[in-house]
Amino acid sequence: MSAVIAVENHSPLNVEEIRKDFPILSREIHGKPLIYFDNAASAQRPSAVIDATHDFYSRRNANIHRGVHTLAEEATALYEQARQTMARFINAPSDRNVVFLRGVTEGVNLVSQAFVRPRVKPGDQILVTHLEHHSNIVPWQLLAKQTGVELKVVPMTQAGELDMDAFHGMLNERVKLLGVVHVSNALGTINPVADMVKAAREFDIPVLVDGAQATPHMAVDVQAFDCDFYCVSGHKMYGPTGAGILYGKSRWLEEMEPYHGGGEMIKHVTFEESVFNEPPAKFEAGTPNIAGGIGLGASARYLLDVGLDRIREYEAGLLAYATEAVQQVEGLRIIGTARDKASVISFTLEGIHPHDLGTILDHSGVAIRTGHHCAMPIMQFFEVPATSRMSLAMYNTRDEVDQFVAALNKARDILA
Amino acid sequence: MSLQDLYRTAVIEHNKNPRNFLELENPSHQSRGLNALCGDDIRVYLSVDEDRIQSASFLGQASAITMASASMMTVQIARLTVGEALQTCDRLDQLLQGEADEALREALGELCALEGVRQYPSRIKAARLPWQAMKAALNEQQIASTE
């Protein structure tokens, strides 16, 4: 009996050890220990990432894929190792499927312009969902202006889940791309990406997945999803800002035109014409964010070492605990109650505007996001101008949740 | 900087019980103050007759700072000439920039309760939003945005 209890109480993660890996977590804000609940905006960095970038700049800095000197070769090797790590991280068939770029926003814009634009005519459709971040809406609106394609939106329910019946009804031959967010940044909803890809296949619709909020919280397997494109932002998964990847299926990457022109992406240049390089180099014009790519590889290695399944299990328990705890606060309404959620609790607190709450919580050392979360259509759906959002990470604890709830009650005492 | 300094009693009181929180029946001027990033969205209504603001009101959803600033504004500018109202707006800006002397404080009266936002750059915009909407209304502009 006691053995069973011991197993049940056993945490899947050694959170105290993980916290030691993140130097910023020992900071104080307004004299209180930092409680960082703004991870969906940008996560913090472990020493492994900070050290990897520091090591690059202090010992190996040089441009990559050029030059034969030692530093150039070391830098190139590190950068390409990071690409291999990222391929392993999302289970891509090869590192040739991994394009380094700035993040999800650039990935979506690249696919929109280099892949979709040459393949569409007026009257064709792009299908996205009501749960998208602006990064998976605005590039398609630009494309619509350029080409005359229509942007169609899969509706969601009051719980913040996609209306799957409506989704199936919207699939047809005119749809030239389905863009779907894996995990909603504003509500935390996890979308059934594999099922959606399968349904899209029946109409030969390529699928782009925005994985920004998924990669820090769960194992991603692009081959199991069978998606055509998968976008990742480094800073959401404990890596550097301005460093991310686009995964693409080989046949598309080979077929696509380049996105940006310049150095690195060519084999041969004359003033008459240029011969483009093979993918992924074809999409990597100019000197990239080398230290960022290396740091991103370090963050992926860190997550693989901790174990994404264990992270998922720990965070699911923490999210359930937090959901229960915040509901004890009078006047608190959770926005987004999907059955399958990750990391995020978006809410309103009666009588307190999110921005006042953000300021008051900051004085208790708690960092949350307040506002529209770059997902204004979601705010419009729930008829709120803004929400407050706590977003959890693997280094957050139940003790922090308790202190957060106390701070919420304090805000009520001051303003409500 | 303490929370009590930001959320002074007068600010909390105006936020809970905003004055002139309604739409005027036949406003001569109106405009909307918008800060999409913060989710502040208010409408300001003015009834101006022969260069004098006869009455002012507002409606909307916004942070306590914006609500209190708007509520105090509608009280303060009623019966002022347009020029006097704009002068009050300039004085408030001086206060928020930390340039207020005693005479200016006396002229601003209750609006001095907004002074605590000085330490919060992102909240200064919130305090100024209703006043920008008032100016926009007087200039016959439909919208005033702080972004």
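Everything numeric here is computed off the predicted structure, so don't read it as measured data.

1. Looking at the overall build of chain B
- Summing up its helical and strand segments, chain B has 6 helices and 4 strands in all.
- When its helices and strands are written in sequence order, chain B yields α-α-β-β-β-α-α-α-α-β.
- Against the 2.2 N^0.38 benchmark of 15 Å for 147 residues, chain B shows a C-alpha radius of gyration of 14 Å, consistent with a compact globule.
- The principal-axis extent of the C-alpha atoms belonging to chain B is close to 40 × 35 × 25 Å.
- Buried positions account for 49% of the 147 residues belonging to chain B.
- Considering only residue pairs separated by 6 or more positions, chain B has 60% of its internal contacts joining residues 24 or more positions apart.
- As presented, chain B carries roughly 6700 Å² of accessible surface, and 43% of it is formed by carbon and sulfur atoms.
- Taken as two groups, the 14 positive and 20 negative side-chain charges of chain B have centres that lie 5 Å from each other.

2. A short note on the pairing of strand β6 (residues 150-154) of chain A
- Taken together, the 5 bridges between strand β5 (residues 125-129) of chain A and β6 of chain A define a ladder with parallel strand orientation. Directly across from Leu127 of chain A, in β6 of chain A, lies its bridge partner Lys152 of chain A.

3. Things to note about the interface of chain B and chain A
- The interface of chain B with chain A comprises 20 residues on the first partner and 15 residues on the second.
- Summed over both partners, the interface of chain B with chain A comes to about 1500 Å²; 60% of that surface belongs to carbon and sulfur atoms.
- At the junction of chain B and chain A, the tally comes to 1 salt bridge.
- A salt bridge links Asp356 of chain A to Arg123 of chain B, with the nearest nitrogen and oxygen atoms 2.8 Å apart.
- Taken together, the links from chain B to chain A amount to 8 residue pairs in polar contact (both at pLDDT 80 or more).
- With 3 residues, the single largest contributor to the side of chain B that touches chain A is helix α2 (residues 9-16) of chain B.

4. Focus: the confidence of the model for chain A
- Residues at a pLDDT of 70 or more form 98% of chain A, whose mean pLDDT is 95.
- Confidence over residues 1-8 of chain A falls short of pLDDT 50; this stretch has 0 contacts with residues more than four positions distant or in other chains.

5. Section: the sheet that holds β5 of chain A
Residue and element names in this part refer to chain A.
- The strand order β4-β10-β9-β8-β7-β5-β6 describes an open sheet built from 7 strands, whose pairing is mixed. Of all the strands in the sheet, just β4 (98-101) and β6 have a single pairing partner and so form its edges. Each strand axis lies, on average, 20° off the axis of its neighbour in the sheet, ignoring direction.
- Relative to strand β7 (residues 175-181), β5 runs parallel, the two sharing 3 bridges.

6. Re the packing of aromatic side chains
Residues and elements named next belong to chain A.
- Counted by the stated rule, this structure contains 13 aromatic pairs over all chains.
- Their ring planes at 75° and their centres at 5.4 Å tell us that Phe37 and Phe404 sit as a pair that is edge-to-face. Taken together, the residues span a long stretch of sequence, with Phe37 in the loop between β3 (35-36) and α3 (47-60) and Phe404 in helix α15 (residues 398-415) at a distance of 367 residues.
- Here the aromatic rings of Phe347 and Phe404 are separated by 6.2 Å at their centres, their planes lie at 70°, and the arrangement is edge-to-face. Of the two residues, Phe347 sits in strand β14 (residues 344-349) while Phe404 sits in helix α15, which places them 57 residues apart along the sequence.
- Aromatic ring contacts, followed pair by pair, group Phe22, Tyr238, Tyr302 and Tyr395 into a single cluster.
- Geometry around Trp252 places Arg251 over its ring, the cationic atom sitting 3.9 Å from the centre.

7. Quick look at the domain arrangement of chain A
All names here are of chain A.
- When its domains are assigned, chain A resolves into domain 1 (12-38 + 307-415) and domain 2 (50-305).
- Domain 1 and domain 2 are separated by 28 Å when their C-alpha centres are compared.
- Each partner contributes to the interface: domain 1 provides 37 residues, whereas domain 2 provides 32 residues.
- Summing the contributions of domain 1 and of domain 2, the shared interface buries around 2800 Å²; its carbon and sulfur component is 60%.
- If you sort the residues of domain 1 by the area they bury against domain 2, Leu308, Ile378 and Phe381 come out on top, with a joint share of 23%.
- One can count 1 salt bridge joining domain 1 with domain 2.

8. Some remarks on helix α6 (residues 121-138) of chain B
- Between its first and last C-alpha, α6 of chain B extends 26 Å over 18 residues, near the 26 Å set by a 1.5 Å rise per residue.
- Maximal helix bending in α6 of chain B amounts to about 40°, located at Arg128 of chain B; proline Pro130 of chain B follows within four positions.
- For α6 of chain B, the set of buried residues is Arg123, Ala126, Ala127, Leu129, Pro130, Trp131, Ala133, Met134, Ala136, Ala137 and Leu138 of chain B.
- Of the surrounding secondary structure, the elements contacted by the buried residues of α6 of chain B are α13 (354-362) of chain A together with β1 (29-35), β2 (40-49), α3 (64-77), α4 (82-96) and β4 (143-145) of chain B.
- Immediately downstream of α6 of chain B, the backbone of Glu140 of chain B shows phi near 60°, a positive value.

9. Re the environment of Asp228 of chain A
- Here Asp228 of chain A lies in the loop between α9 (222-225) and β9 (229-233).
- You can call Asp228 of chain A buried: its relative accessible area is 3%.

10. Regarding the pairing of strand β10 (residues 244-248) of chain A
All names here are of chain A.
- In terms of burial, β10 is a largely internal element, 5 of the 5 residues being buried.
- Burial along β10 is two-sided: Gly244, Leu246 and Gly248 and Ile245 and Tyr247, pointing in opposite directions, are all buried.
- Bridging between β4 and β10 involves 4 bridges; their strand directions are antiparallel. For Val99, the partnering residue across the bridge sits in β10 and is Leu246.
- One ladder, built from 5 bridges, connects β9 with β10; its direction is antiparallel.

11. Points about the sheet that holds β1 of chain B
All names here are of chain B.
- Judged by pairing direction, the sheet is mixed, and its 4 strands sit side by side in the order β3-β2-β1-β4 without closing on themselves. For this open sheet the edge positions go to β3 (52-61) and β4, each flanked by a neighbour on one side alone. Here the strands of the sheet are splayed against their neighbours by 20° on average, with no regard to which way each runs.
- Pairing of β1 with β2, which is carried by 7 bridges, proceeds in the antiparallel orientation. By the bridge assignment for β2, Leu34 is matched with Asp41.

12. A word on the layout of surface pockets
- What the largest pocket holds in volume is close to 360 Å³.
- Contributing to the lining of the largest pocket are 20 residues, with Gly351, Ile352 and His353 of chain A together with Gln61 and Ala62 of chain B lying nearest its centre.
- For the lining of the largest pocket, the secondary structure elements donating two or more residues are β14 and α13 of chain A together with β3 and α3 of chain B.
- Looking at the lining of the largest pocket residue by residue, the classes come out as 10 nonpolar, 7 polar and 3 charged.

Procedures and definitions
Residues numbered from 1 in each chain as written. Chains lettered and ligands numbered in written order. Predicted model: local features only at pLDDT ≥ 70, side-chain atom pairs only at ≥ 80, totals over all residues. Heavy atoms only, no water. Helix = DSSP H or I, 4+ residues; strand = E, 2+ residues; numbered from the N terminus. Rg over C-alpha atoms; globule rule 2.2 N^0.38 Å. Buried < 20%, exposed > 50% of the residue type's maximum accessible area, 1.4 Å probe, protein only. Contact = heavy atoms within 4.5 Å. Areas by Shrake-Rupley, 256 points an atom, 1.4 Å probe, with all protein chains shown as cover. Lys, Arg positive; Asp, Glu negative; His and termini not counted. Charge placed at Lys NZ, Arg CZ, Asp CG, Glu CD. Pairing = 2+ DSSP bridges. Buried area = accessible area lost by both parts, 1.4 Å probe. Salt bridge = Lys/Arg side-chain N within 4 Å of Asp/Glu carboxyl O. Polar contact = N/O pair within 3.5 Å; in protein donor to acceptor, adjacent residues only side chain to side chain. pLDDT = per-residue confidence, 0-100. Axes fitted to C-alpha atoms, helices over the stretch in contact; angles between N-to-C directions. Phe/Tyr/Trp six-rings, centres within 6.5 Å; stacked < 30°, edge-to-face > 60°. Lys NZ or Arg CZ within 6 Å of the ring centre and 35° of its normal. Domains from an automatic or database assignment. Expected span 1.5 Å × (residues − 1). Bend = angle between axes of the 7 residues up to and from the residue. 1 Å grid on protein atoms, 1.4 Å probe; cavity = no way out; pocket = protein on both sides within 12 Å on 5 of 7 lines; lining within 4 Å. Points joined across faces, edges and corners; volume = space filled by probe spheres on them. Nonpolar A, V, L, I, M, F, W, Y, C, P; charged D, E, K, R; others polar.

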